[in-house]
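# An overview of the molecular structure
Spelled out from the first residue to the last, the chains are:
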Amino acid sequence: MDVLLLSQLARRPSHGYELRRRVEAATGIKLHNNSLYPALRRFGEAGAVTRTLEPQEGRPPRHVYTLTDVGRELLHDQLADLPEELAGDEAEFLARLAGFGRLSPDERRGVLAARGRVLAERRTRLAGLAEAADDPWAGLVLDEVLRRIREEQAWLDRLASRTDDPTVPDPGEETT
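These figures come from a predicted structure and were not determined experimentally. (Residues numbered from 1 in each chain as written. Predicted model: local features only at pLDDT ≥ 70, side-chain atom pairs only at ≥ 80, totals over all residues. Heavy atoms only, no water.)

Let us now look at the pairing of strand 3 (residues 59-67). Summarising the sheet, strand 1 (residues 14-15) and strand 3 pair through two bridges and their orientation is antiparallel. Looking at the pairing, His15 lines up with Val64 of strand 3. Across seven bridges, the pairing between strand 2 (residues 49-56) and strand 3 is antiparallel. In the sheet register, Leu53 faces strand 3, and the bridge partner there is His63. Connecting the antiparallel pair strand 2 and strand 3 is a turn made up of two residues, with Gly58 showing a positive phi of about 75 degrees. (Pairing = 2+ DSSP bridges. Helix = DSSP H or I, 4+ residues; strand = E, 2+ residues; numbered from the N terminus.)

This is how it looks when you write it as structure tokens:
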């Protein structure tokens, strides 16, 4: 969630409700105030965001959050680093992928490689389970999961071939 919030604040300053709405519109992830505002408070304490009051006519002023240079650096570091324990989480990977425009080609390759290693390990483990499956339905499920992993690995290969390209890849090229 931190990557998503910081990415949206990097686009423009926002008040909490607007930030929550923009994250949901960009990702489909529904944020709740009990996760949003503690994160914003943490960012403020770390010097990653500033909070200012914006007057509103006939209503109390609202807090507007702005990303600082420290916040931009934090966002970059989080985008460029995909630890193995998070590389298996699809949402974590996709959040970083969405921020590839902020990363160097080598950093992009590092994120893709981390996801690729996790998928390779998962594929090896599941292939062994599929071979040993004595329930045909379980075998069908494992075969389908393996097919999806192979598709994602092929997609990662296509993305890796474009890491030096400063333009956004054509989504039609990545879908099968």
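The next thing to look at is the confidence of the model for the protein chain. Chain-level statistics for the protein chain give a pLDDT mean of 91 and a share of 94% at 70 or above. Put simply, helix 9 (residues 171-174) is where the protein chain has its lowest mean pLDDT, 48, and helix 4 (residues 69-80) is where it has its highest, 96. (pLDDT = per-residue confidence, 0-100.)

Turning our attention to the side chain of His15. When you line up the elements, His15 lands in strand 1. Residue contacts for His15: discarding those within four places in its chain leaves Arg62, His63, Val64 and Tyr65. (Contact = heavy atoms within 4.5 Å.)

Below, the discussion takes up the packing of helix 7 (residues 105-132) against helix 8 (residues 136-160). It is the contact of helix 7 with helix 8, at a shortest axis distance of 10 Å, that shows an interaxial angle of 155 degrees. It follows from the interaxial angle that helix 7 and helix 8 lie roughly antiparallel. Here helix 7 and helix 8 pass one another in a crossing that is left-handed. Together, Leu112, Arg115, Gly116, Leu119, Ala120, Arg122, Arg123, Leu126, Ala127, Leu129 and Ala130 of helix 7 and Leu142, Asp143, Val145, Leu146, Ile149, Arg150, Glu152, Gln153, Leu156, Leu159 and Ala160 of helix 8 make up the contact between the two elements. Broken down by class, the residue content of the contact of helix 7 with helix 8 amounts to 14 nonpolar, two polar and six charged. (Axes fitted to C-alpha atoms, helices over the stretch in contact; angles between N-to-C directions. Parallel < 35°, antiparallel > 145°, perpendicular 65-115°, else oblique. Left-handed = near helix turned anticlockwise from the far one by under 90°. Nonpolar A, V, L, I, M, F, W, Y, C, P; charged D, E, K, R; others polar.)

A separate point is the sheet that holds strand 1. Taken in spatial order, the three strands make up an open sheet running 1-3-2, and their pairing is antiparallel. The sheet is open, and its two borders are formed by strand 1 and strand 2, each paired with just one other strand. Lying over the sheet, helix 1 (residues 2-11) contacts strand 1, strand 2 and strand 3, oriented at roughly 100 degrees with respect to strand 3.

Attention shifts here to the environment of Glu92. Relative to the elements of secondary structure, Glu92 occurs in helix 6 (residues 90-98). Judged by its relative accessible area of 22%, Glu92 falls in the partly exposed class. Spatially, the C-alpha atoms of Glu92 and Glu18 are 22 Å apart, while their sequence positions differ by 74 residues. If sequence neighbours within four positions are ignored, Glu92 has contacts with Leu82 and Leu86. Here the side chain of Glu92 touches Arg96 through a polar contact of 2.6 Å, side chain to side chain. (Buried < 20%, exposed > 50% of the residue type's maximum accessible area, 1.4 Å probe, protein only. Polar contact = N/O pair within 3.5 Å; in protein donor to acceptor, adjacent residues only side chain to side chain.)

Evaluated as defined, the whole model comprises one aromatic pair. Aromatic pair Phe93 and Trp155: ring centres 6.4 Å apart, planes at 90 degrees, arrangement edge-to-face. Of the two residues, Phe93 is situated in helix 6 and Trp155 in helix 8; the sequence distance between them amounts to 62 residues. (Phe/Tyr/Trp six-rings, centres within 6.5 Å; stacked < 30°, edge-to-face > 60°.)

A word on the packing of helix 6 against helix 7. Relative placement of two packed helices is described by the angle separating their axes and the distance separating the axes. Packing of helix 6 against helix 7 leaves a shortest axis separation of 10 Å and a crossing angle of 160 degrees. By the angle class used here, helix 6 and helix 7 are roughly antiparallel. Our pair here, helix 6 against helix 7, has a crossing hand that is left-handed. Packed against helix 6, whose contacting residues are Glu90, Phe93 and Arg96, the element helix 7 presents Val111, Leu112 and Arg115 at the interface. Taken together, the residues of the contact of helix 6 with helix 7 sort by class into three nonpolar, no polar and three charged.

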